[in-house]
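Coordinate inspection notes
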Amino acid sequence: MILRLDDTDVERNSEASVSSIFEGLKWLNLSWDEEYKQSERGALHRQVAEAIFQKGLAYRDFTPAHTGESEKSGAQGTWLFNPGMRELSRVESDRRAATGEPFALRYRVPRGDDSDSMWGQPPSAVRFAEGKLTVRFTDAVYGEQEKAAADIEDFALLRSDGMPTYHLASCADDADLRITHIIRGQDHLTNTFKHILIFEAAGVTPPHFAHLPLLVAPDGTKLSKRRHGRVVSVTTYRDAGFLPEAFINFLCLLGWSPKDDREKMSLAELTAAFSLEGINRANAVVNFKDTPATLVIPNEERNLGVPSLATASEDTFDPKALWLNAEHIRALPVQDLSARLLPLVHEAGFNIPLEKMLQITPLIRERIKLLREVLSVADFFFVERLPPYDPVELIPQKGDMALGRRVLEKSCEVLAKTEFKHDPLDHALRAAAQELGIKPGQMFQPIRVAVCGRKNAPPLFETLEVLGREATLARIEQAIAKIH
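Residues numbered from 1 in each chain as written. Predicted model: local features only at pLDDT ≥ 70, side-chain atom pairs only at ≥ 80, totals over all residues. Heavy atoms only, no water.

**Some details on the overall build of the chain**
- The helix and strand inventory of the chain stands at 18 helices and twelve strands.
- Looking at the 484 residues of the chain, the share that counts as buried comes to 46%.
- Total accessible area computed for the chain in this model is approximately 24,600 Å², and 52% of it derives from carbon and sulfur atoms. (Helix = DSSP H or I, 4+ residues; strand = E, 2+ residues; numbered from the N terminus. Buried < 20%, exposed > 50% of the residue type's maximum accessible area, 1.4 Å probe, protein only. Areas by Shrake-Rupley, 256 points an atom, 1.4 Å probe, with all protein chains shown as cover.)

Laid out in structure tokens, this is it:
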């Protein structure tokens, strides 16, 4: 596998975007064997362009960039070439170039006047059909593709500043690196006709092509960092707490399915089931919500009062992505999940040992969809003192504050002499509820709020076991002090 950065577009190329690509691929554990930057291969690109020119399959165009209606040369008013340039003699072309006059090098697309040339001869992809020259190729997703040569403009290989165009650079690199398969977005489908022509002119057998449906936003527009911000960046999902294997699973199901109703799949299962023939042709929608308050902020910006994704709503992300992530989280062994959660806990400033994390993880595994949610779902395990909460939460169902106080005082009495294991805790607190003449739920709720700071928390007895006697009794006593 080759990683090649097509970075010849200076305006769009930046160190930040390059770093994001590398970080994203490394997080997904998608490694590569060779690495190239297109911007460092200009000599090769110009060499290929010169070879095509020497074959007579390209020509110099000394006309300034075409802008006016007078330069429309196609049947439907489309621009095909600059009049006079295509027919310019080689002698005149050489003379003007020798004087330093700037020019673009254009591909001489085969047209009707090339009927006695190399075009149309096997095994060329340019053939005669119904009296006209056509360019053909077979796409692994979209099938047979054909376009009349007369409808393809004489596209540039080199710009007037000598820089290669995307078309030339891409094909020259593909040929040099012996690329066998090109899998890219459907928006490049029409470019392939031009690329076929370049490969043939360079004397290279074209690679196999497969064009994928585009990933689009809910409004139907193509995903773009410029338009949609960090929410479409791979590293945003990493920082939000997605598992790399879950994110790959989600991406694979955008425009493809195994045809057997499976959704949660491992990388090995995806690899075994995947085929280009199974790819859909319709664009796939990523149902995110692009809300500025929920975007990831780089670490250096988090001290500037800007909200980070650690406190953002999970509604930002595609519900399918969240569901798959939760499924993969639940499937992880406790040891593995604990090892992934612990760095987030430490990063947040909580010095929790692995042994305690191994106790906490089984209690929250079913309650989180994102790894980073450990900080909100299990926070009461990490702090020495709970943040403020409303004392009204301590009132048992169908009870009053006085009953809440009696429950907490009784629980202190009972828990002070009970072994902090699930079954003894269960038995002791149920017996205490019976002694007070209340239902077990009325007994458990005030205790849960006292030790966790909220009603919605993991199972009570397991939580008490992890917190331990000392922390549990201290928090219950603090809760009693809140009741007047």
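**Digging into the pattern of salt bridges**
- A full pass over the atoms with the stated rule returns 30 salt bridges.
- Lys320 is the partner of Glu263 in a salt bridge, and the nearest nitrogen-oxygen pair spans 2.8 Å. Here Lys320 lies in helix H10 (residues 319–331) and Glu263 lies in the loop between helix H8 (244–252) and helix H9 (267–273), a separation of 57 residues in the sequence.
- The partly exposed category is assigned to Glu263, whose relative accessible area is 32%.
- Lys320 sits in the partly exposed class, given a relative accessible area of 28%. (Salt bridge = Lys/Arg side-chain N within 4 Å of Asp/Glu carboxyl O.)

**Re helix H17 (residues 440–452)**
- The end-to-end C-alpha separation of H17 is 18 Å, in line with the 18 Å expected for 13 residues at 1.5 Å each.
- Counting buried positions over the 13 residues of H17 gives eleven, a clear majority of the element.
- Those residues of H17 that fall on the buried side of the exposure criterion are Gln442, Met443, Phe444, Gln445, Pro446, Ile447, Arg448, Val449, Ala450, Val451 and Cys452.
- Along its buried surface, H17 packs onto helix H14 (379–382), helix H15 (401–415), helix H16 (422–436) and helix H18 (460–482).
- Where H17 terminates, the next one or two residues include Gly453, which has phi positive at roughly 85°. (Expected span 1.5 Å × (residues − 1). Contact = heavy atoms within 4.5 Å.)

**A short note on the side chain of His228**
- Within the secondary structure layout, His228 lies in helix H6 (residues 225–228).
- Among the residues examined, His228 registers a relative accessible area of 6% and is labelled buried.
- Side chain to side chain, His228 and Thr221 meet in a polar contact 3.2 Å long. (Polar contact = N/O pair within 3.5 Å; in protein donor to acceptor, adjacent residues only side chain to side chain.)

**Considering the packing of helix H11 (residues 334–347) against helix H12 (residues 354–364)**
- H12 packs onto H11 with a crossing angle of 110° between their chain directions and a minimal axis gap of 9 Å. By the angle class used here, H11 and H12 are roughly perpendicular. Judged by residue contacts, Val334, Gln335, Leu337, Ser338, Leu341, Leu342 and Val345 of H11 engage Leu354, Met357, Leu358, Thr361, Pro362 and Ile364 from H12.
- For the contact of H11 with H12, the class distribution of residues is ten nonpolar, three polar and no charged. (Axes fitted to C-alpha atoms, helices over the stretch in contact; angles between N-to-C directions. Parallel < 35°, antiparallel > 145°, perpendicular 65-115°, else oblique. Nonpolar A, V, L, I, M, F, W, Y, C, P; charged D, E, K, R; others polar.)

**Thoughts on the environment of Gln38**
- In this fold, Gln38 is placed in the loop between strand S2 (34–37) and helix H2 (42–54).
- With 131 residues separating them along the chain, Gln38 and Ala169 place their C-alpha atoms 7.2 Å apart.
- Filtering out sequence-adjacent residues up to four positions away, Gln38 remains in contact with Arg4, Leu5, Asp6, Asp7, Thr8, His45, Ala169, Ser170 and Asp173.

**Describing the packing of aromatic side chains**
- Going through the model one piece at a time under the given rule, you end up with 16 aromatic pairs.
- Summarising the aromatic geometry, the rings of Phe22 and Trp32 are spaced 5.7 Å apart at their centres and angled 70° between planes, so their arrangement reads as edge-to-face. Of this pair, Phe22 sits in helix H1 (residues 15–27) while Trp32 sits in the loop between H1 and S2; the two residues are ten residues apart in sequence, bridging distant segments of the chain.
- With a relative accessible area of 15%, Phe22 lands in the buried category.
- Where Phe444 meets Phe461, the ring centres are 5.3 Å apart and the plane angle is 85°; that geometry is what we call edge-to-face. Note that Phe444 is positioned in helix H17 and Phe461 in helix H18, a separation of 17 residues in sequence.
- Put simply, the rings of Trp27, Tyr237, Phe242, Phe247, Phe250 and Phe317 pair up and form one aromatic cluster.
- One cation-aromatic arrangement involves Arg60 over Phe103; the distance from NZ or CZ to the ring centre is 5.4 Å. (Phe/Tyr/Trp six-rings, centres within 6.5 Å; stacked < 30°, edge-to-face > 60°. Lys NZ or Arg CZ within 6 Å of the ring centre and 35° of its normal.)

**Structural notes on the environment of Glu419**
- Within the secondary structure layout, Glu419 lies in the loop between H15 and H16.
- Using a relative accessible area of 48% as the deciding quantity, one classes Glu419 as partly exposed.
- As a C-alpha pair, Glu419 and Gly468 span 49 residues in sequence and 9.7 Å in three-dimensional space.
- When sequence neighbours within four positions are dropped, the list of residues in contact with Glu419 reads Pro424, Leu425 and Arg469.

**Quick word on the nonpolar core**
- Counting 61 residues, the largest nonpolar core has Ile52, Tyr107, Phe155, Leu157, Leu197 and Phe242 as its most contacted members.
- The greatest single-element share of this core, amounting to six residues, is contributed by helix H5 (residues 191–201).
- Counting 57 residues, the second-largest nonpolar core is a separate cluster that includes Met357, Leu415, Leu429 and Cys452. (Core = buried A, V, L, I, M, F, W, Y, C linked by side-chain atoms within 4.5 Å.)

**Things to note about the confidence of the model for the chain**
- Overall, the prediction assigns the chain a mean pLDDT of 88, with 88% of residues at 70 or greater.
- Overall, residues 67–72 carries pLDDT values under 50, and its contacts beyond four positions in sequence, including any with other chains, amount to eight contacts.
- Counting contacts from residues 292–312, a segment whose pLDDT is below 50, to residues more than four positions away or on other chains yields 33 contacts. (pLDDT = per-residue confidence, 0-100.)

**Some words on the environment of Ile329**
- Residue position: Ile329 is located in helix H10.
- When its relative accessible area of 0% is taken as the criterion, Ile329 is described as buried.
- Along the backbone, Ile329 and Arg365 are 36 residues apart, and their C-alpha atoms lie at a distance of 6.8 Å.
- With residues up to four places along the chain from it excluded, the contact list for Ile329 reads Leu243, Leu337, Arg365, Ile368, Lys369, Leu370 and Leu371.

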